[in-house]
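Here is how the chains run, residue by residue.
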Amino acid sequence: SRPLQALCRALARQHFIHCFGVLYLTPPRSYAVRPHSDDQDVFLLQIWGTKKWRVYAPPSPPGALPYSDEMIGKEREYNAELGEPVMEATLHAGDILYLPRGHVHEAHTAGEASLHVTITVQTSDYGWGPWVERRVQEILRKELPESLSHAARRARLVPKPTSEEGGMMSTVADEGTREAFDDLLTQIVAKIDLNSAQRSFLDHLEEMNRIQEEQYTRLMKQADKLRLDREISTDSVVQLSPDIISECTVGSDIARFRRGQDVLQLKICASASRLINQLADHKPHVVKDLPCGDAFERVCVCRVLLAKEVLQLCRSILK
């Protein structure tokens, strides 16, 4: 969205050089995330509804900030004893929670849905370790003399057997191999210094900003093409598309939309069922007059139905 992109630009310019935001919409009575840790610092901005968070101390060793491959709970469930949480908080609209890098956390919703924004600062990229890894890769691939570059790709670390019959493997390299390996390390180390590290760090984050801008521009063009960029407000007038048959009983958490032989089934919050049931009459409705307990939810539901091409915006405004 434009406001979220503008926020990320401002934070990057004033504080972080680069950051990005992601919106998370979570249904009621759902575990949004299982216990896990991140290699980044994040700020959680609660936009709508509520969400309960539990935050635990980082795993041992204490004080060690994780590299990207040391995050836990991402690829598989984290089964270690979590202990008592260091913090429990229920976020309401307008609240902000800061989660430091490495802290294990989990979240769930209660009886209402939740919408929050996660602003991520890629602090794992700020450390020396990740930069050295990237820099060595750059040097190996792009900056070595051709002969040494080929040797680095071709040479093997497989030890030689100590006898013709095989058996024990020797880790004592011959003089030529050792000299070639030492030459490789010398040239790599000569290209690594603090100034080049800082230049490379800034170049890396600026490249992330460029990619982010390109992706944002492409998505906005797609939105314009699909006519989804038109703002739906509480004063907008909407109507079920003429070729759509809507089926949604009050209190249900399922809505079905039929167009000929095609059926679209959507999982919904029960709080939206009265709104969708009302739209089934195919009459124009002002969004703010649709039956729903929350003004923001009205707009969100209409926005989703417009994106699914079962709802249309009316050209004329009801008087």
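Residues numbered from 1 in each chain as written. Predicted model: local features only at pLDDT ≥ 70, side-chain atom pairs only at ≥ 80, totals over all residues. Heavy atoms only, no water.

S.K.: Is there a simple way to think about the overall build of the protein chain in this case?
M.R.: Counting its secondary structure elements, the protein chain contains 7 helices and 16 strands. Per-residue burial over the protein chain gives 35% buried out of 319 residues. Restricting to contacts in the protein chain with at least 6 residues of sequence separation, those with at least 24 account for 78%. Total accessible area on the protein chain is roughly 20,000 Å²; 54% of this is exposed by carbon and sulfur atoms. (Helix = DSSP H or I, 4+ residues; strand = E, 2+ residues; numbered from the N terminus. Buried < 20%, exposed > 50% of the residue type's maximum accessible area, 1.4 Å probe, protein only. Contact = heavy atoms within 4.5 Å. Areas by Shrake-Rupley, 256 points an atom, 1.4 Å probe, with all protein chains shown as cover.)

S.K.: What's the story with the pattern of salt bridges in this structure? I'm lost.
M.R.: Should the charged atoms of two oppositely charged side chains come close, the side chains can pair. Taken as a whole and assessed by the stated rule, the structure comprises 12 salt bridges. Taking the shortest distance from any N to any O, the salt bridge between Glu-88 and Lys-52 comes out at 3.8 Å. Remark: Lys-52 occurs in strand β4 (residues 51-56) and Glu-88 occurs in strand β5 (residues 87-91); sequence separation between them is 36 residues. The residue Arg-54 makes a salt bridge to Glu-88 at a minimum N-O spacing of 3.2 Å. With Arg-54 in strand β4 and Glu-88 in strand β5, this pair connects stretches of sequence that are 34 residues apart. Residue class for Arg-54 comes out partly exposed when judged on its relative accessible area of 21%. When salt bridges that share partners are traced, they join Lys-52, Arg-54 and Glu-88 into one network. (Salt bridge = Lys/Arg side-chain N within 4 Å of Asp/Glu carboxyl O.)

S.K.: I tried to follow the nonpolar core on my own but got confused; where do I start?
M.R.: Across soluble globular proteins, you tend to see nonpolar side chains buried next to one another. In terms of nonpolar packing, the biggest core is built from 24 residues, with Val-238, Phe-257, Ile-276 and Leu-305 touching the most fellow members. At the level of elements, β11 (237-240), β13 (254-259), α6 (273-279), α7 (295-307) and β16 (311-313) are the ones that each hand at least two residues to this core. Looking at which element gives the most residues to this core, the answer is α7, with 5 residues. Once residues within four sequence positions are removed from consideration, Phe-257 is found in contact with Leu-240, Ile-244, Ile-245, Ser-246, Asp-262, Val-263, Leu-264, Leu-266, Ile-276, Leu-305 and Val-310. Core analysis: the second largest hydrophobic core is formed by 8 residues, Val-42, Trp-53, Leu-97 and Ala-107 among them. (Core = buried A, V, L, I, M, F, W, Y, C linked by side-chain atoms within 4.5 Å.)

S.K.: Just to check I follow, could you spell out the packing of aromatic side chains for this structure?
M.R.: Two descriptors summarise a pair of aromatic rings, namely the distance from one centre to the other and the angle between the planes of the rings. In this structure the tally under the stated criterion is 4 aromatic pairs. Ring geometry for Trp-48 versus Phe-296: centroids 5.3 Å apart, planes at 55°, classification tilted. Taken as a pair, Trp-48 in strand β3 (residues 41-49) and Phe-296 in helix α7 lie far apart in primary sequence, 248 residues in all. Classification of Trp-48 as buried rests on a relative accessible area of 12%. With relative accessibility at 31%, the residue Phe-296 sits in the partly exposed group. Here the aromatic residues Phe-16, Phe-43 and Tyr-98 are joined through ring pairs into a cluster of three or more. (Phe/Tyr/Trp six-rings, centres within 6.5 Å; stacked < 30°, edge-to-face > 60°.)

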